[in-house]
Every structure is written in C-alpha cells, then in structure tokens.
Amino acid sequence: MLKKELGIFTFGQLLDLFPYRHVDKTSIRNISDITPQTEYILLSGTITGIEVSGEKRSKRLTAILTDKTGSLELTWFQGINWIQKAILPGTAYLVYGKPGFFMGKPQITHPELDPLQSETAEARNFMEPVYPSTEKLKARGLTGRSIGKLTFNLFSILSEKDIPEILPEFICRKEHFPSRWDAYKNIHFPISQESYERALQRLKFEEFFIAQVRLGLIKSSRHRFSRGFIFEKVGSLFNDFYTHHLPFSLTGAQKRVLREIRKDTGSGRQMNRLLQGDVGSGKTIVALMSMLIAADNGYQSCLMAPTEILAQQHYESLSTLLKELPVQVEILTGSTKTAKRRKILEEAANGTIHILIGTHALIEQDVQFLKLGLAIVDEQHRFGVAQRARLWEKSKLVPHVLVMTATPIPRTLAMTAYGDLDTSIMDELPPGRQPILTVHRMEDSRPQVMDFIRKEIKLGRQAYIIFPLIEESEKLNYENLMKGYENVKAWFPEPKYWISMVHGRMKAAQKDENMQRFVKGETQIMVSTTVIEVGVNVPNASVMVIESAEKFGLSQLHQLRGRVGRGAEKSYCILLTGNKVSREAKERLGILCATNDGFRIAEKDLEIRGPGDIEGTRQSGALNFRLANILTDRDLLEKAKLSSESLLENDPDLDLPAQSALKKYLQAGQGKNPWSKIS
Ligand code: ADP
Ligand code: MG
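The model shown is predicted, which means the values in this text are computed figures rather than measured ones.

**Quick look at the site of ligand 1**
By nearness alone, 16 residues border ligand 1, and Gly280, Lys283, Thr284, Arg433 and Arg566 come closest of all. For ligand 1, a nitrogen atom lies 2.9 Å from a polar atom in the backbone of Ser249. Within the backbone of Ser281, an N or O atom sits 3.4 Å from an oxygen atom of ligand 1. Surface burial for ligand 1 is 84%, taken as the share of its 560 Å² of free accessible area covered by protein chains. When grouped by side-chain class, the residues that make up the shell around ligand 1 number 4 nonpolar, 8 polar and 4 charged.

Written out as structure tokens, the structure reads:
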C-alpha cells in the first residue's frame, strides 16, 4: 500500500521533503485555559450538541464541545453535510485549532477533529509536521496532509540502519550532533521544539558539509591529476617588457598574483584561478604579463571581455604597451568585418596570432587555435558558466584559465559557488591613488552638482553622467537617456563643452568613436547608460554622477564609481536621487558613501538583496540548499568548510574505513547540488 502511494517518490526523496512548520499537539489543554492570546490549542472533550442553521451561503454547522472545565462552540461553514454525518454526539474527540472570541466567548472555526481512541485522553508524543504541497503533487492527490501520513508510516517500517551515519565521528562528537537517524526522525516528528532545532542544525550542517567535501575532492583531484601545459620558463618577451616597457612598478599584490600564476602554469597541472581584485587594482597588466609568459613558451592566449567597448579598450592599451615587442595582438568581436574575421580565424588556427582579444565572439565554434595555452576571462560575472565551459573546448588539452573579477565575491558565495577554484586576491591599489569621495545628493541640489562638474572641467578633468537601465523597456530607456542628454546640454550650452554619448542601441563603430573621443579628451562629459560599467579606463575622469542611483544594486554602483579615481587626482562620485527616497534606499546609498572597500560592499549587497539576485549566481545553482541558507547560516557554512578541510587533509580520497559510509553516499551522487562542477 505504502509502496504504491509512494510511486513518485523514493524513500529518500520522501524523507527529504521537510516540513516547514510543526503544530504542537503534545499536550492536551483545558477549555478554561483559552485566552485571547492563545494560538493553536489541543483540547479533548465530548460533543454535546449539533445544530445546522442558516440557508445556502450563510449555512453553518455548530457543535458544542465540553470538557471538565467548560464548553465552547465549534463552527463549520464548509463541508457541512460531511461533518454532520461524521460527528457523533456523546462521543469523545481530540480537537485542534486556533480559537477566536465571539461576543466574549471562545470558539473555533473549522477545527481538526479526531475521534479519541481510548477512554483515557492521550496527546500525541510528537509535534505534528506541516508539509508544503506543490501543484504537481496535488495533481497526484498528495496534499501536505497525505505527505505527513506517508512519512509517518514510512518511519514505522524504517529503522536506524536505513538511515546510517555519514558524518565523520569526530565531527558529530565535537558538535554534539544527534545521529543521522535521530535527526531525520526529529526534523519530521520532533518530540520537542528543542529536539527539532538540534535536528535542523545537524541537517543544515550536513548539507553544507557534503557540498564542501564534494568541492574539496574536485579541487584536490584536479591538483593531483589534471594535466596542463607546462610553461617552463619566463622568457625574453616577459623580461623585455618588464625591464623596458612596463610604465610603472608593480604593486606588491600584482607581483604576488603573478607569482601564483607562474607557479600554477609551471606545475604541469591545469590552472583554474579566480582573481578577485577591486576596481582599479590593476588586473589588466597582470593579464598581459601572464599572456607574455604563455607566448614565451610558445603558446597562444585569449582575453575575453564582456562588452565590445571593453574589448576594444583592452586591445588598444595592450597593443600600445606591446608595440615594440614581436607579439601579434588581434581583436575579434561581433562587429569585426567578414574579411578581417576570416583572416583572424586563419591566423588563430595557424598560430600567427599570439594574443586574441574579444567578446563572446571568441567562444563561437569556428574560432580555433593552434596552441591555446591560456584563456583569461575579464569581469566574469557577466559570463555564464556554460559559456565559459565552451572556452575549454578550443584545444585538445584544456588551457590554463584565469577568471578576473572586480566584483568581489562575498566569502559565503566564494565558498559555495566558486569553491573548487583557486583564488587570488588583489587588495592593494597602485600607489598615489586618493580615495574617491562619495556623496548622496537630491534633485534640488542639481544646480550645485552641475556647477561642480563645470569646476572640475575647468581644472582639466572629465566627468561621467550615468543613467539607469530600465529593464522593462528598451524604448523607455532610450527616451530617458535622450532626455538626460538634452538636459546636460542645456546645463552646458557654451560651445567649449563637448559631450559624448554611448548607449546600448548604438552601432558598435559609433559607440567606439564616441568612447574614443572621450578617452582622448576631445569631449569632457560622457553621458551613458551602464554599458561603461565595467573595465572602462579613463584616468583623467574625476567626476562620476549617477542619476536615479537608488535604482542600482550596490555592487553595480561600486563598479560605476570605479570608473573614476583611476589617476592621481582626487575624484568624486555623486549619487543623485529624487527629493523623496525611501529610508531603505538612503541606507543603501549610505553604505557606498561610507566605504570604498568592494569586499565590504559585496557582503552588504548580498545581505540586502539576498543571494538570488547576485549576478551570475542564479544559474550556478549555488544556492540550492534545501534547509541551509548561506546568509543566515554562515557560521555553519564556515564550520562545514573547516571540517571538510581537516577531513580531506588526513584522508584526501576518503579511503579510510571510517569514512566508507560517506564515500558511498557521495559516489551514489546523493545530496548533490547541480553546481558541484563549476569551471
Ligand atoms: P582593473 O583592476 O579595474 O581592471 P586596470 O587594470 O584597468 O584596473 O588598471 C587601472 C589603472 O591603474 C590603469 O590606468 C593602469 O594603467 C593603472 N595601473 C595598474 N597597475 C599599476 C601600478 N602598479 N602602478 C601604477 N598604476 C597602475
Ligand atoms: Mg579591468
């Protein structure tokens, strides 16, 4: 019987369908205990009278329940015929429900009613679970209640050996966790609130722990078994560039990251490294020098950027820096002309091109390399996991991979979504940078803001004015931006002020031309949507004005702000909003005014918006934990990570007999999140 009803479930699946709350039926109370504050209550008594009154829609059934301390009314407005047949006057019942008061007297509408089995009234010895039911389950006749019954029956035929322990003993002992069997029993049918909490903690930990062990195994097996190209030496290209063409001295952080990359690429295993460096920390030069090491060893590299503007900018700055070296650099984007494209494809395939820069056009099937040794992805949060995976198909052996991001990833996310990547952090800005001063201004101080821009331009600086993207409508977007542009022009009517504009609807060539005029200083103001959000580098720009700033996410604002403060001059970021802003928005913008630290901002952003909204994580599924939550349970996550590390350190392949249950569980693919392999 149970088996048949369970048709759509395995036992395991049913056990993993957790209740979202419990009702406490563990003690029977008296009718005289009921107060207006009483939530749900379990009573036991005899039905002493039944009456049906009213007509049609106002029809109702009232029954009187009496116990030794008093009596109250039970009322039904629905299912009256059925109730009327089912209730037997003079019989004892267990009644459960939420009392209300009517004319000063307690009553319960639509209570749960169960005949009392024995003469001695007995409460349940566990708290009753309430299960969610989806439309799909309902369609198969499975309501929350019937799931409860199935689960209850299931426990009556299972025993401890059916839910064996998988956590290492040293962890259970240290954390005082209940056994796995106990935890499962108590998450469904706890004997008390306290035992429920203990079960919940343990199962949440288990979820995190299993995920961490999986990632740990992937990472360590890659460290030991993956084969990668060996970049044996640092050769003449790198050295020549370092001594003769590098326009500044490297920061300590840049040097450290280059050493890490050098070590990875020389090790014989494939590098899979995530480089997190705050905006302006100088990741481009690290990318360039890594690509020179590849070239020194006879390998090609590619550098993939999320936007055409950024690809173009990388192309220009890299070609300039490398112009005296025998390195061929090319660019391939969606707007590359057919003939040129054909030539580039040919030269990538025959090995003539050393460094190919581009947008996602790089991952199209027909782009093939002779010897792709290093693939760098800039600002990866714009690239989907699947897209990245296609990069690896470009040669027989998987190239070394360096993923660079200026949106620091909160630690909790880094541990879950990117847990199998090695990470480098650049937490040092090049010397001489002054912190950007950020302020929040409202509409009525617009004249002062515009005056301020004017003042900065007179000092020879440049300014950005950014308009938000309205997701719902491209047309509205465009109109909004145009209005903004006209507005700015009206503030700067004199012929000596030149304004560039860039937006998503523009043709690539025109976008580029406008961008270049701003880069070269021919225009002083850049009016734009967020297309310039990442990567764009114009060190002379010192003012960033963001219109309707409350419409942006914190990390996005931080990115935009990162477009200024890239030179030696003091820079400013002005967050403009209407005169009326919600308290929440004010608070959010306040965080930005208070700190320039991208890591802190990313944490706050995650806290405020929740993990589901952080770009790039939705598809990674990093958040598909059933019970645990990476934000509210971050202490458990931290613990799980440490435990997993100490376990794998002593037993890297889980070969010790003590871990055989865990190993079996992992090998069966149980408790698996789809994100166990990201790279
Ligand atoms: P991001 O990490 O945001 O990509 P970039 O690589 O665009 O930063 O670098 C930002 C600016 O800092 C560029 O103008 C770059 O030339 C400059 N820069 C990078 N490294 C150094 C350094 N070590 N010393 C001085 N300036 C540097
Ligand atoms: Mg960059």
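Still to come is the rest of the account.
**Describing the pairing of strand 2 (residues 41-53)**
Alignment of strand 2 against strand 5 (residues 92-97), held across 6 bridges, turns out to be antiparallel. Note that in strand 5 the partner of Leu43 across the bridge is Val95. Bridge analysis of strand 2 against strand 3 (residues 60-67) gives 7 bridges, and the strand direction is antiparallel. Counterpart to Ile47 in the pairing with strand 3 is Leu65. Linking strand 2 back to strand 3 in an antiparallel pair, the connection comprises 6 residues, with Gly54 at a positive phi of about 80°.

**What to know about helix 23 (residues 660-667)**
Residues Leu662, Tyr665 and Leu666 constitute the buried set of helix 23. For helix 23, the arc enclosing every buried residue in end-on projection is 95°, short of the 170-degree limit, so these residues lie on one face. Exposed and facing more than 90 degrees away from the buried side of helix 23 are Lys664 and Gln667. Looking at the buried side of helix 23, the elements it contacts are helix 7 (180-188), helix 8 (193-225) and helix 22 (634-650). Downstream of helix 23 by a residue or two, Gly669 has a phi angle that is positive, lying close to 70°.

**Remarks on the pattern of salt bridges**
By the definition in use, this model includes 28 salt bridges. The closest approach of N and O atoms between Arg446 and Glu443, which form a salt bridge, is 2.7 Å. The salt bridge involving Glu603 is made with Arg634; its shortest N-O contact spans 3.5 Å. One end of the pair, Glu603, is in helix 21 (residues 598-609); the other, Arg634, is in helix 22, and 31 residues separate them in sequence. With a relative accessible area of 21%, Glu603 lands in the partly exposed category.

**Quick word on the confidence of the model for the protein**
Put simply, the protein has an average pLDDT of 86, and 90% of its residues get 70 or more. Averaged pLDDT values for the elements of the protein fall to 52 in helix 1 (residues 2-5) and rise to 98 in strand 12 (residues 329-332). Within the model, the stretch residues 613-621 combines pLDDT values under 50 with 20 contacts to residues more than four positions away or in other chains. Throughout residues 673-679 the model reports pLDDT below 50, and contacts reaching past four residues in sequence, or to other chains, amount to 25 contacts.

The rules behind each value
Residues numbered from 1 in each chain as written. Chains lettered and ligands numbered in written order. Predicted model: local features only at pLDDT ≥ 70, side-chain atom pairs only at ≥ 80, totals over all residues. Heavy atoms only, no water. Near = heavy atom within 4 Å. Polar contact = N/O pair within 3.5 Å; in protein donor to acceptor, adjacent residues only side chain to side chain. Areas by Shrake-Rupley, 256 points an atom, 1.4 Å probe, with all protein chains shown as cover. Nonpolar A, V, L, I, M, F, W, Y, C, P; charged D, E, K, R; others polar. Pairing = 2+ DSSP bridges. Helix = DSSP H or I, 4+ residues; strand = E, 2+ residues; numbered from the N terminus. Buried < 20%, exposed > 50% of the residue type's maximum accessible area, 1.4 Å probe, protein only. Arc of directions from axis to C-beta. Contact = heavy atoms within 4.5 Å. Salt bridge = Lys/Arg side-chain N within 4 Å of Asp/Glu carboxyl O. pLDDT = per-residue confidence, 0-100.

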